[in-house]
Amino acid sequence: ATFEELDKGYEHKTKWKVDGCGRYSLGEETTVFVPMDQPRSCSYDKFNSETRKNEPITIGSSSSPKDAKHGVELRGITLRQLRAIMANIIRRCLTEIWVDFKGEKLDP
């Protein structure tokens, strides 16, 4: 078994698009490659009432040593990682012909 979606990256399809104010709407389906072997800072958007725009708030630091211990709030799985796991499950389920406890073929 390989975990290339978690080690290297995966393709993500979405119809969601976001404007400059952080509002989401549906649009044309797009496919983007999500590189998992590149460092990426974690952040969330916070609305600034003075500028009337969302501003990214970075969590932690990408310059932290690999063995640094972070608080529990910084140890959760990200949406990016969860999507990589789903891509791995879909690929492997089909190629390895996964079955349930009754021996019936699973369909992701």
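Going by the structure above, here's the rest.
This is a predicted model, so every value here is computed, not measured. (Residues numbered from 1 in each chain as written. Predicted model: local features only at pLDDT ≥ 70, side-chain atom pairs only at ≥ 80, totals over all residues. Heavy atoms only, no water.)

K.L.:
Break down the side chain of threonine 14 for me, with residues and values.
P.N.:
Within the secondary structure, threonine 14 sits in strand S1 (residues 9-18). Side-chain polar atoms of threonine 14 contact the backbone nitrogen of tryptophan 16, separated by 3.0 Å. Every residue in contact with threonine 14, bar those within four places of it in the chain, is listed here: Glu28, Glu29 and Thr30. (Helix = DSSP H or I, 4+ residues; strand = E, 2+ residues; numbered from the N terminus. Polar contact = N/O pair within 3.5 Å; in protein donor to acceptor, adjacent residues only side chain to side chain. Contact = heavy atoms within 4.5 Å.)

K.L.:
Before we move on, could you go through the layout of surface pockets and cite the residues and values that matter?
P.N.:
Space inside the second largest pocket adds up to approximately 170 Å³. Where the lining of the second largest pocket is concerned, the elements lending two or more residues are S1 and helix H2 (79-95). Broken down by element, the residue count for the lining of the second largest pocket peaks at five residues, all from H2. A class-by-class count of the residues in the lining of the second largest pocket yields four nonpolar, one polar and five charged. (1 Å grid on protein atoms, 1.4 Å probe; cavity = no way out; pocket = protein on both sides within 12 Å on 5 of 7 lines; lining within 4 Å. Points joined across faces, edges and corners; volume = space filled by probe spheres on them. Nonpolar A, V, L, I, M, F, W, Y, C, P; charged D, E, K, R; others polar.)

K.L.:
Please give an account of unusual backbone geometry that cites residues and values.
P.N.:
Positive phi values are uncommon outside glycine, yet arginine 52 reaches one of about 60°. Along the polypeptide, arginine 52 turns up in the loop between strand S3 (42-48) and strand S4 (53-59). One non-glycine residue, isoleucine 97, lies in the positive phi region at around 50°. With respect to the helices, strands and loops of the structure, isoleucine 97 is situated in the segment after H2.

K.L.:
Before we move on, can you summarise the packing of aromatic side chains with the specific residues and values?
P.N.:
A full pass over the atoms with the stated rule returns one aromatic pair. Here tryptophan 16 and tyrosine 24 contribute two aromatic rings whose centre-to-centre distance is 6.5 Å and whose plane-to-plane angle is 80°, an arrangement assigned as edge-to-face. Just as tryptophan 16 is exposed, tyrosine 24 falls in that class too. (Phe/Tyr/Trp six-rings, centres within 6.5 Å; stacked < 30°, edge-to-face > 60°. Buried < 20%, exposed > 50% of the residue type's maximum accessible area, 1.4 Å probe, protein only.)

K.L.:
Give a description of the pairing of S3 that names residues and reports values.
P.N.:
Sheet analysis places S3 next to S4, joined by seven bridges and oriented antiparallel. Bridging across to S4, aspartate 45 finds its partner in proline 56. (Pairing = 2+ DSSP bridges.)

K.L.:
Could you give an account of the pattern of salt bridges, naming the residues involved and the relevant values?
P.N.:
Following the criterion strictly, the structure yields three salt bridges and no others. Across the salt bridge formed by glutamate 96 and arginine 92, the nearest N and O atoms sit 2.9 Å from each other. (Salt bridge = Lys/Arg side-chain N within 4 Å of Asp/Glu carboxyl O.)

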